[in-house]
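Summary of the model geometry
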Amino acid sequence: MSSKRNDVVIPESSVRANWKCMVFTCIVAVANMQYGFDTAIVGGFQAMPGFLKVFGFPDKTARIGYGIDPTFQQLISSLMTLGSFVSSLTAGVFGWYFGRKPALWLGCAVNLVGLIVQIATTNKGVIYLGRFLLGLSNGFLVTFSNIYISEVSPAHLRGVMLVFFTFWVNFGSLMGSIVNYFASKILTKTCYIMPLGTLFIVPVFLAIAIIFVPESPRWLLYANKQEEGKRALQVLRVESTDQEYIDIEWAEMVRGMEEEKHLARSSDWKDMYRGTNLRRTILCYAAMASHAASGIWFAIAYGTYFMQIAGVTQPFLYTIMNLCIGIFSTLVGMYVIRDMFGRRFLFWGSSVGCGLSMTIIGIGGVVKTAQNSKDVGKALIAGVAIFTFFYNVGIGTVSYPVGTEVVSTRLRTWTVGTAISLGYVLAWFVSFFTPYFINPKKLNWGVKYGWIWAGSNFICAIFFYIFLPETKGRTLEELDELFENRVSVKDFPKYCTKIGAEAVHDVQVTMGRVPGEKEPVVNHVEKSDEAS
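Residues numbered from 1 in each chain as written. Predicted model: local features only at pLDDT ≥ 70, side-chain atom pairs only at ≥ 80, totals over all residues. Heavy atoms only, no water.

1. What to know about the pattern of salt bridges
Counted according to the given criterion, the structure contains 13 salt bridges. The partner of Asp 38 in a salt bridge is Arg 131, with the nearest N and O atoms 2.8 Å apart. One end of the pair, Asp 38, is in helix 2 (residues 33-45); the other, Arg 131, is in helix 7 (residues 124-152), and 93 residues separate them in sequence. As far as burial versus exposure is concerned, Asp 38 and Arg 131 are alike and both buried. Note that Arg 280 is salt-bridged to Asp 480, the shortest N-O span being 2.6 Å. You can see Arg 280 sitting in helix 15 (residues 275-294) and its partner Asp 480 sitting in helix 23 (residues 476-484), a full 200 residues away along the chain. Residue classification places Arg 280 among the buried residues on the basis of a relative accessible area of 2%. Residues joined in a network through salt bridges with shared partners are Arg 100, Glu 151 and Arg 412. (Salt bridge = Lys/Arg side-chain N within 4 Å of Asp/Glu carboxyl O. Helix = DSSP H or I, 4+ residues; strand = E, 2+ residues; numbered from the N terminus. Buried < 20%, exposed > 50% of the residue type's maximum accessible area, 1.4 Å probe, protein only.)

What follows is the structure, encoded as structure tokens:
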């Protein structure tokens with residue numbers, strides 16, 4: 001992001017120069033893989049004869065010879081979402097006192113317990129407990145991994161590093177679908193125990209790997225551990241830039257913390273609903289709610305089942321194809337968020353694209369007849385593929401960068417935690433009520449279900465176009481200043497902040513250098529974005 005600033009220019013270091021920070025954030029982002037991995041595996045169970053023999057019932061009218069109770073179908077998906085909601089809601093308290101790494105370790109431990117519970121039983125009630133425990137763990141893993149990445153990333157690479165969320169969720173979903181594809185050929189209960197066993201990989205790896213990852217410098221600063229915080233920043237930035245720029249970045253963090261403490265009415269979590277923080281909280285909530293509003297949770301949790309009842313042959317293979325499209329489009333998203341477009345354009349543009357693709361699906365449901373069912377099936381596959389591309393290039397790419405960077409540094413765990421909780425509530429709402437719409441024994445809407453998501457996507461596009469400011473290339477402390485000064489959406493890209501210049505002044509004074517007559521101004525260099 002370029003602007004009319006001079007004197008002190010923070011150089012834009014490359015991804016390669018920031019390799020160490022990139023490795024750390026990639027390791028932490030693996031936590032998000034578990035959510036996609038688990039959701040895809042459990043969603044696939046509902047089409048496995050071996051699983052349905054244990055938890056379903058014989059049904060001669062069903063294509064695979066077994067049916068599933070809609071209540072059980074709802075609960076195995078929605079209870080994990082409910083657990084995620086509860087843990088994300090408490091993330092603010094835990095994160096305030098204990099930091100990011102302990103929260104991730106706790107998430108790994110609870111995840112392992114939940115998996116053991118599910119593998120060891122054939123009792124539906126105990127399965128419900130295991131699903132809830134996995135939800136509790138995934139809430140912490142998703143919330144704290146993305147908060148950590150937001151807080152440690154350089155401003156100009158924050159978007160790229162936070163896209164790891166979408167990449168790992170998609171990669172986890174792909175792995176889950178592949179595992180299910182081969183396990184579905186097994187007609188005993190091993191067909192679901194084996195996939196559950198593969199879910200041990202992520203929490204075991206993560207628990208070991210984060211031993212070598214430094215704690216968030218910003219959390220250490222707010223926890224009055226300044227020396228540890230500065231050392232953590234040194235580890236994250238070493239080899240990527242000169243020491244003087246690391247000192248300036250640290251001084252800016254210190255300035256930002258002091259300014260926030262000075263302006264804070266209290267240390268109460270309710271501050272996120274007061275004053276200028278209310279605008280930031282609404283934007284954060286909207287960013288996280290955009291996932292559910294796009295229809296992605298329906299596509300992840302019920303995609304395979306939906307394709308079966310729509311008459312699509314080999315639904316597992318089509319699901320894997322769409323997940324490959326998701327991974328490819330996420331990589332495209334990494335490029336465009338870094339070198340082409342801003343957050344705002346990607347948000348509203350992808351919402352329009354998702355809305356149009358859901359419209360294709362909805363139209364298919366209206367025109368479907370016995371004579372043209374094959375053609376409608378092809379349209380359904382195309383609609384889902386187009387939706388997957390637009391979602392991962394836009395909403396999936398920018399939601400966590402925006403959601404974690406627009407909020408107050410002091411209130412980040414509270415705001416992001418409750419925002420993710422809201423997202424999980426909406427995801428639970430989708431997973432709980434979707435069977436009523438698509439199950440042949442209920443409303444039996446089939447592909448006409450796409451009309452609901454077309455409308456919600458168009459509403460999101462309008463909201464983000466009107467209310468979301470462009471945040472690309474700004475440090476978290478600069479964003480604090482911009483929102484505190486109530487800068488409008490229109491003026492956000494061209495507004496010159498002062499906190500960087502003040503940080504340079506602090507470093508010069510500390511080093512015993514007398515600042516020049518002209519006040520130094522910092523420019524966090526990033527490519528301009530005319531399209532946003």
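Having seen the structure, we can now continue with the description.
2. Let's talk about a nonpolar patch on the surface
Together, Phe 429, Phe 433, Tyr 436, Leu 443, Trp 445 and Ile 452 give the surface a local cluster of nonpolar side chains, amounting to about 540 Å² of exposed area. Among the elements that make up the nonpolar patch, the one with the highest residue count is helix 21 (residues 412-438) (three residues). (Patch = residues over 30% accessible without salt bridge, like charges linked within 9 Å, V, L, I, M, F, W, Y side chains within 5 Å. Areas by Shrake-Rupley, 256 points an atom, 1.4 Å probe, with all protein chains shown as cover.)

3. Section: the nonpolar core
If you look at the biggest cluster of nonpolar residues, it comprises 115 residues, and the most contacted ones within it are Phe 45, Phe 51 and Phe 347. In terms of residue count, helix 7 provides more of this core than any other element does, ten residues in total. Residues in contact with Phe 51, not counting those within four places in the same chain, are Phe 45, Gly 56, Ile 68, Phe 72, Ile 76, Cys 191 and Tyr 192. (Core = buried A, V, L, I, M, F, W, Y, C linked by side-chain atoms within 4.5 Å. Contact = heavy atoms within 4.5 Å.)

4. Some words on the packing of helix 9 (residues 164-183) against helix 10 (residues 190-198)
The geometry of helix 9 relative to helix 10 is characterised by a closest axis approach of 9 Å and an angle of 155° between their N-to-C directions. Relative to helix 10, the element helix 9 is oriented roughly antiparallel. By crossing handedness, the relation of helix 9 to helix 10 is classed as right-handed. Taking contact as the criterion, the partners of Val 179, Asn 180 and Ala 183 in helix 9 are, on helix 10, Cys 191, Met 194, Pro 195 and Thr 198. Here the residues of the contact of helix 9 with helix 10 sort into five nonpolar, two polar and no charged. (Axes fitted to C-alpha atoms, helices over the stretch in contact; angles between N-to-C directions. Parallel < 35°, antiparallel > 145°, perpendicular 65-115°, else oblique. Left-handed = near helix turned anticlockwise from the far one by under 90°. Nonpolar A, V, L, I, M, F, W, Y, C, P; charged D, E, K, R; others polar.)

5. Re helix 11 (residues 201-209)
All buried positions along helix 11 are accounted for by Val 202, Pro 203, Leu 206 and Ala 209. For helix 11, the arc enclosing every buried residue in end-on projection is 140°, short of the 170-degree limit, so these residues lie on one face. (Arc of directions from axis to C-beta.)

6. Describing the environment of Arg 343
Within the fold, Arg 343 resides in helix 18 (residues 343-367). Each C-alpha atom of the pair Arg 343 and Leu 468 lies 8.6 Å from the other, and the pair is 125 residues apart in sequence. Not counting residues up to four positions away in its chain, the partners in contact with Arg 343 are Arg 158, Gly 159, Ile 337, Val 398, Pro 401, Val 402, Glu 405, Leu 468, Glu 470, Thr 471 and Lys 472.

7. Topic: the packing of helix 18 against helix 22 (residues 450-467)
Closest axis-to-axis distance for the helix 18/helix 22 pair is 7 Å, and the angle between their directions is 160°. On the basis of their axis angle, the class for helix 18 and helix 22 is roughly antiparallel. Crossing geometry of helix 18 relative to helix 22 is assigned as left-handed. Tallied by class, the residues present in the contact of helix 18 with helix 22 amount to 17 nonpolar, six polar and one charged.

8. Here's the deal with the confidence of the model for the protein chain
Atomic detail in the predicted coordinates should be set aside for any region of low pLDDT. In the predicted model, the protein chain carries a mean pLDDT of 82, and the fraction of residues at 70 or more is 86%. The weakest mean pLDDT in the protein chain belongs to strand 4 (residues 521-524) at 51; the strongest belongs to helix 11 at 95. The low-confidence segment residues 1-7 (pLDDT under 50) makes 27 contacts with residues lying over four places distant or belonging to another chain. In this model residues 525-532 is a low-confidence stretch, pLDDT under 50, and it forms 27 contacts with partners more than four residues away in sequence or in other chains. (pLDDT = per-residue confidence, 0-100.)

9. Looking at unusual backbone geometry
Backbone geometry places Asn 224, a non-glycine residue, at a positive phi of 60°. Under the relative-accessibility criterion, Asn 224 is labelled exposed at 61%. Phi is positive for Arg 486, close to 55°, though the residue is something other than glycine. Along the chain, Arg 486 falls in the loop between helix 23 and helix 24 (499-510).

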